[in-house]
Amino acid sequence: MKREYNITVFSENNIGLLSRITLIFTRRKINIDSLTVSESAIRGIYKFTIVVHCTEDMVRKVVGQIDKVIDVLKAFYLTNEEMIYQEIALYKVPTEALYDSDQVEKIVRDSGARILEITREYTVIEKTGHKEETQALFDQLNQFRVMQFIRSGRVAITRDPIERISEYLRERDAFLMNMD
Amino acid sequence: MNKSPGKISGSEAVILSLIEEGVDTIFGYPGGAIMPIYDALYDYGSKIRHILTRHEQGAAHAAEGFAKITGRAGVCFATSGPGATNLMTGIADAMIDSVPMVCITGQVTSPLLGTDAFQESDVIGMSIPVTKWNFQITSPEEIPHAIAQAFFIAQTGRPGPVLLDITKDAQFGELNFEYKKCTKIRSYIPEIPVDPFKVKEAAELIDQSKKPLLLFGQGVIIAKAEDELRAFIEKTGIPAAWTLLGLSALPTKHPLNVGMLGMHGNYGPNIKTNDADLIIAVGMRFDDRVTGKVSDYARKAKIIHLDIDPAEINKIVKADVAILGDASKSLKMLTGNVKSNSHDEWVKEFREADQVEYEKVIRKDLYPTKPGLTMGEVVKMVSGKTKGEAILVTDVGQQQMIAARYFGFNHSRSCVTSGGLGTMGYGLPASMGAQIAAPGRTVVAMIGDGGFQMTIQELGTIAQNKLPVKIVLLNNHFLGMVRQWQQLFFEKRYSFTGLTNPDFITIAKGFGIPGIKVDNREDLDEAAQTMLDHRGPFLLEVTIEKEDNVFPMVPAGASVSEIMLEP
């Protein structure tokens, strides 16, 4: 059965690594629905959050192949239920729309969004949430014409009390010590 | 070139780093972007032998042949652009067959990167999917560490090819040279220690099994686990079958060696896979050419899978017990945990299957009654005369399968063949690497007329370096394996598989290599003897019956139980 999986990859910060990882998906003709990369809590170690829609068998094999990439420290996958995740969306609407009625203000208030900037021409609204939520806000705001819209890739953290990579690095350091 | 005091050029650092890694042979082809490295190499002729191939693909395959015989990384050089792209087939071949290789390519000077400069191509980008690791060097200081990492990565864990792309300014630039071998990389664990609990679990299954079958692949050779494999099967009495790349890891005549798996493997190990109640897979990856239809594969068997690469576990066939780690260690631990046993009745079933195969296939292949020569009788002749002591190098196709079936081996690391990628044109250049790696041994290259013409220019390399390779050209004037499939599965519609061939003996003579052409059976023995007695390279061309086929055969997509013994 196909479903959504969140793949987390911890890696070194090396040129070409993103390409090496995405090619593993390309090779099996799997579409990447969302991809976010940035530095993790540990300096120099980067964290990828990759969202794909596929079978568990497939995601397991893909993660196994990502995990053996030389510059990858650790890769694992979890379902949406096992993670807390968010996306951020920015909406640019004509400032006029705020003058014409209190509708926009009401929508912003009800959806838990916030206003980042107001100019004479436009107002930028920000909302974080799941894709369905940011999409619902888009649909509502679009009654007043959304001039520009952008949604980020997903970021996700596990429901574990610990950061897996710290634990993993500890194990690995111990292992590498033993190799000497 | 003038150098600053205490400093050396990046190019010289490349050569010195290779020497630090124990490299004594490089296969390569110079060109604009790698000229500084070639210039530096000029001063180290006494320490490093450079073999100038006639095409970069030849350099890559030669490096593979060298690596397969020595177990050390083969090294090749090529220039940027077309030099590097020509290496790619060899790199892809090494990747899928886990061959350690370090490729060094020249690159345009770093300010020109990305500008479509002359002979620029994105070598890093295009080699990502076919390398275990690659890295672009743009400053001379990076050279020693990158080369140290390259050798560590290529030769440890599951081996594979790595590529270093070095810009011309990094080659010209200067550095204070200091070399330190790489022994660890934080993000890379080459092998996981064997889990003793998994070994115990596997040992229990082995002790309980009535019909166990061991399948072994190249992992046994890479891990140098030949003795451990032998000790394990001899203690347990378990019959063992090799994959194409496992060939020679166990002597052909070992009483528990039941032959080759796969599409053109032996009858016994294929059909018995579906009778076995336990499969012990060692250093093999359940390639589709081995399993046939996976849903009908090893239906009655529990699976124990020993492999160094965690990504291979459950990739194709689900393992009941997986033992990760180095095969020599895991096999040794397994042997210590199992009871002594014998499976004489079960082994007898394989020998009975051998009889069936002999009557239906082998007799016709080896003792043909029709006038046309068969590939099988040629392989048998050469194998018989070399008594299992020779190194066999094959190309790809019918001759490869026939050679794999009928060539005998006494020693491990005696077979060099392109398994995963099935690269036609592999045989001749790979034989050069094998011969250089084992100068004292007879190297026999079995090649078909199709594959021979893909890399025939390497006859020049063989002649120039006086490599005494014995080339056996099995000429049926066809792309034989494709023709066989057309005959069996495409209603004999021989679409573009016929070849009008040149006079190969004259071509070889043009390169300074003597040869004999054999058209009749009665001339074969003497010609083969002449070839083997000759001190230098030699071409033995044998005209083969046009429609000589390879059997048995598991048709593509069929179950191993559906193996065909005849058309």
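From a predicted model like this one, the values you see are computed outputs, not experimental measurements.

Draft legend 1. The overall build of chain A, seen in detail. The number of helices and strands found in chain A is six helices and nine strands. Expected size for 180 residues packed as a compact globule is a radius of gyration near 16 Å; at 20 Å, chain A overshoots this value by more than 25%. Taking the principal axes of its C-alpha atoms as reference, chain A extends roughly 70 × 35 × 30 Å. Residues counted as buried form 27% of the 180 residues belonging to chain A. Looking at chain A alone, contacts between residues at least 24 apart form 74% of all its contacts between residues at least 6 apart.

Draft legend 2. Spatial organisation of the overall build of chain B. Broken down by element type, chain B carries 22 helices and 20 strands. Whereas a compact globule of 567 residues would reach a radius of gyration of roughly 24 Å, chain B reaches 24 Å, a difference of no more than 12%. Oriented by its inertia axes, the alpha-carbon framework of chain B measures out at about 75 × 60 × 40 Å.

Draft legend 3. A look at the interface of chain B and chain A. The interface is formed by 16 residues belonging to chain B together with 18 residues belonging to chain A. Partitioning the side of chain B that touches chain A into residue classes produces ten nonpolar, two polar and four charged.

Draft legend 4. Structural detail: the domain arrangement of chain B. Residue and element names in this part refer to chain B. Here chain B is partitioned into domain 1 (8-175), domain 2 (196-350) and domain 3 (373-547). Here the C-alpha centre of domain 3 lies 31 Å away from the C-alpha centre of domain 2. At the interface, twelve residues of domain 2 touch 15 residues of domain 3. Residues belonging to the side of domain 2 that touches domain 3 are distributed by class as follows: seven nonpolar, three polar and two charged.

Draft legend 5. Region of interest: the sheet that holds strand 16 (residues 415-416) of chain B. Residues and elements named next belong to chain B. Sheet architecture is open: six strands sit in the order 16-15-17-18-20-19, paired in parallel fashion. Strands with a single pairing partner mark the edges of an open sheet, and in this sheet they are strand 16 and strand 19 (515-518). Against the sheet, helix 16 (residues 398-406) makes contact with strand 15 (391-394), strand 17 (443-448) and strand 18 (470-475), and its axis sits at roughly 140 degrees relative to strand 17, the strand it touches most.

Reading guide: rules and limits
Residues numbered from 1 in each chain as written. Chains lettered and ligands numbered in written order. Predicted model: local features only at pLDDT ≥ 70, side-chain atom pairs only at ≥ 80, totals over all residues. Helix = DSSP H or I, 4+ residues; strand = E, 2+ residues; numbered from the N terminus. Rg over C-alpha atoms; globule rule 2.2 N^0.38 Å. Buried ≥ 20, exposed ≤ 12 C-beta atoms within 10 Å, placed from the backbone. Contact = placed C-beta atoms within 7 Å. Nonpolar A, V, L, I, M, F, W, Y, C, P; charged D, E, K, R; others polar. Domains from an automatic or database assignment. Pairing = 2+ DSSP bridges. Axes fitted to C-alpha atoms, helices over the stretch in contact; angles between N-to-C directions.

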